[in-house]
Amino acid sequence: MRRDDLRITIPNFFRCPISLDVMKSPVSLCTGVTYDRTSIQRWLDSGNNTCPATMQVLQSKEFVPNRNLQRLIQIWSDSVARRQHDAELAANSVVLPSHDQVKVLVKQLDNNSFSALTKIVRFARESEENREFLARMDGFLNAVFDFMRNAESDIKLIEQVVHILDLMLSKISEKKPLMESNCLSTILVILQRGSSDSQIQSVQLLESLAVDGESKLKIAQKEGLLLELVKSLSKEKDPRLIDASLSCLISIAMPKRVKAKLIQSRTIPELKILLSEPNMTPSIIEKSLKLLETLSSCKEGRVEIWHDTILLQAIVQKVLKASSKATEHAVTILWIVCYLFRDEKALEAVVSGNGMTKILLLIQSNCSPAVRQMSADLLKIFGVNSKPCLSSYDTKTTHIMPF
């Protein structure tokens, strides 16, 4: 696909009215016109007090992020990247290579051949049998690992390598080479500059590497890597990437030092945003609560949760909403902060957020014995005797009757 073809297909409202380029960070002025943040900031910093498109005098120079437009631009950009990738595959490999041809292609990998990589990706993607063939081939995985050790390679080359690793994960018995610092640096590059698809594959690769305490600590201690994973939780990101990043963070979060680093990296505020969003998938809600539950097991995490009324009330709202797993994680968090550690400020926030009503409804539902016990414990803290109140609780009107 030629560059000129791509320019023709760019929707006009994706372009900044000042630079005429696709906006990277769209923000809207009080006039309702949207610009790229860098361009409008430069305009305002130059002493202008008007809207460049309408020339209206600005009542305020404040601007707000245009989240919906940013999400649309991201979807469009990923679509263009996929079309480019498919076009390159079609140009480079019209016919699936044979086993003998693949052996030749593997030898060409020493020359950093992008064409050879794309053909091998297509071969691996075709069938389980093909992936088995590659896994048994002498020198193939070592050649792939060598690519991963070179973060300075072209980003598209690295993306192809990560794609191969993603396809071959179940076939790689020895993954220690991927835990080397240079390999982790390459994954960091993908998270910073790669497409959404390659970012998702990189995150899945990281999760597969986090098999014990040592590997989890090594991932967390790699400079910049944990921060990029937390950035991947931004609600503007591809929901698939958010989901994959949550799974990865859950898998590495158990060591105490990792929890501390996650809290320092402002993971909890990102989780609050995800839990406050009305349109998040049940899977994202479940995993957000599970990660928050993990972080609540350390003092720093509990303190941050205690002091965030909005977060506590968002947790309360997820009880009996997304799924039974989400409910269990939410109740466990409330039980830890309100019952186990008896924080009064947290208790007030939960009660004011209609927490008592939620818990009363929950204890009457078909919940697990563990959730039922935690709910009963919470009702005691709320000053409610669960057995009498259940008989006088009107489940039809969800109104708490006087006791």
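Please read these numbers as outputs of a predicted model, since none were measured by experiment.

## Some words on the overall build of the protein
Each helix and strand counted, the protein has 23 helices and three strands in total. Across the 403 residues that make up the protein, the buried fraction comes to 50%. Contacts spanning at least 24 positions in sequence make up 65% of the contacts within the protein whose residues lie at least 6 apart. On the protein, roughly 20,000 Å² of surface is accessible, and the fraction owed to carbon and sulfur atoms is 50%.

## A closer look at the environment of Leu209
Relative to the helices and strands, Leu209 is located in helix 10 (residues 196-209). Residue Leu209 is classed as buried on the basis of its relative accessible area of 3%. Expressed as a C-alpha distance, the spacing of Leu209 and Leu178, which sit 31 residues apart in the sequence, is 7.8 Å. With near-sequence residues (within four places) excluded, Leu209 lies in contact with Lys175, Leu178, Met179, Ser215 and Ile219.

## Things to note about the packing of aromatic side chains
Pairs of aromatic rings are described using the distance from one ring centre to the other and the angle between the two planes. What the rule picks out here adds up to four aromatic pairs. Relative to Phe14, the ring of Phe13 lies with its centre 4.7 Å away and its plane at 70°, an arrangement referred to as edge-to-face. What makes Phe13 exposed here is its relative accessible area of 52%. Relative to Trp76, the ring of Phe14 has its centre 5.7 Å away and its plane inclined at 70°; by these criteria the two rings are edge-to-face. Note that Phe14 is positioned in the loop between helix 1 (3-8) and strand 1 (26-28) and Trp76 in helix 3 (residues 67-92), a separation of 62 residues in sequence. Residue Phe14 shares its accessibility class with Trp76, and that shared class is buried. Aromatic ring contacts, followed pair by pair, group Phe13, Phe14 and Trp76 into a single cluster. Directly above the aromatic system of Phe341 lies the positively charged group of Arg302, at a separation of 3.7 Å from the ring centroid. Sitting over the face of the ring of Tyr339, Arg342 holds its NZ or CZ atom 4.7 Å from the ring centroid.

## Describing a nonpolar patch on the surface
Taken together, the side chains of Phe13, Leu72 and Ile75 make up a nonpolar region of the molecular surface, amounting to roughly 310 Å² of accessible area. Mapped onto the elements, Phe13 comes out in the loop between helix 1 and strand 1.

## Notes on the sheet that holds strand 3 (residues 64-65)
As summarised here, the arrangement of the three strands in space is 2-1-3, forming an open sheet in which the pairing is antiparallel. Two strands close off the open sheet at either side, each with one partner strand: strand 2 (34-36) and strand 3. Taken together, the two bridges between strand 1 and strand 3 define a ladder with antiparallel strand orientation. What sits directly across from Ser28, in strand 3, is Val64. Sitting on the sheet, helix 2 (residues 37-45) touches strand 1, strand 2 and strand 3, and the angle it makes with strand 2 is about 95°.

## What to know about the side chain of Ser375
Along the polypeptide, Ser375 turns up in helix 22 (residues 369-381). If sequence neighbours within four positions are ignored, Ser375 has contacts with Val331, Ile359, Leu362 and Ile363.

## Here we look at the packing of helix 14 (residues 256-264) against helix 16 (residues 282-295)
Relative orientation of the contacting elements helix 14 and helix 16 amounts to 115°, with a least axis distance of 10 Å. As for the relative orientation of helix 14 and helix 16, their crossing is left-handed in sense. Between helix 14, through Lys259, Leu262 and Ile263, and helix 16, the contact on the second element is made entirely by Leu291, Thr294 and Leu295. Along the lines of polarity and charge, the residues of the contact of helix 14 with helix 16 split into four nonpolar, one polar and one charged.

## Some points on the pattern of salt bridges
Two side chains that carry opposite charge are able to pair once their charged atoms sit near each other. Evaluation of the coordinates by the stated rule reveals 12 salt bridges. Among the ionic pairs, Arg131 bridges to Glu128, the shortest N-O distance being 3.0 Å. With Arg131 and Glu128 both in helix 6 (residues 128-136) and three residues apart, the pair spans about one turn of that helix. Between Lys235 and Glu277 there is a salt bridge, and its shortest N-O distance comes to 3.1 Å. Highlighted residues: Lys235 in the loop between helix 12 (225-231) and helix 13 (239-252) and Glu277 in the loop between helix 15 (267-276) and helix 16, separated in sequence by 42 residues.

## As for unusual backbone geometry
Despite not being glycine, Met55 has its phi angle at roughly 65°, a positive value. With respect to the helices and strands, the residue Met55 is situated in the loop between helix 2 and strand 3. By relative accessible area, which is 52% here, Met55 ends up exposed.

## Let's talk about the side chain of Ser39
With respect to the helices and strands, the residue Ser39 is situated in helix 2. On the basis of relative accessible area, Ser39 is assigned to the buried category, the value being 6%.

## Section: the environment of Leu44
Following the sequence through the fold, Leu44 ends up in helix 2. In this view, Leu44 contacts Leu58, Lys61 and Phe63; residues no more than four positions away in its chain are not counted.

## A few points about the confidence of the model for the protein
Per-residue confidence for the protein averages 85 on the pLDDT scale, and 90% of its residues sit at or above 70. pLDDT under 50 marks residues 1-7. Its contacts with residues more than four places away, or in other chains, come to seven contacts. Here residues 385-403 scores under 50 on pLDDT; set against residues more than four positions off or in separate chains, the count is 28 contacts.

Analysis parameters
Residues numbered from 1 in each chain as written. Predicted model: local features only at pLDDT ≥ 70, side-chain atom pairs only at ≥ 80, totals over all residues. Heavy atoms only, no water. Helix = DSSP H or I, 4+ residues; strand = E, 2+ residues; numbered from the N terminus. Buried < 20%, exposed > 50% of the residue type's maximum accessible area, 1.4 Å probe, protein only. Contact = heavy atoms within 4.5 Å. Areas by Shrake-Rupley, 256 points an atom, 1.4 Å probe, with all protein chains shown as cover. Phe/Tyr/Trp six-rings, centres within 6.5 Å; stacked < 30°, edge-to-face > 60°. Lys NZ or Arg CZ within 6 Å of the ring centre and 35° of its normal. Patch = residues over 30% accessible without salt bridge, like charges linked within 9 Å, V, L, I, M, F, W, Y side chains within 5 Å. Salt bridge = Lys/Arg side-chain N within 4 Å of Asp/Glu carboxyl O. Pairing = 2+ DSSP bridges. Axes fitted to C-alpha atoms, helices over the stretch in contact; angles between N-to-C directions. Left-handed = near helix turned anticlockwise from the far one by under 90°. Nonpolar A, V, L, I, M, F, W, Y, C, P; charged D, E, K, R; others polar. pLDDT = per-residue confidence, 0-100.

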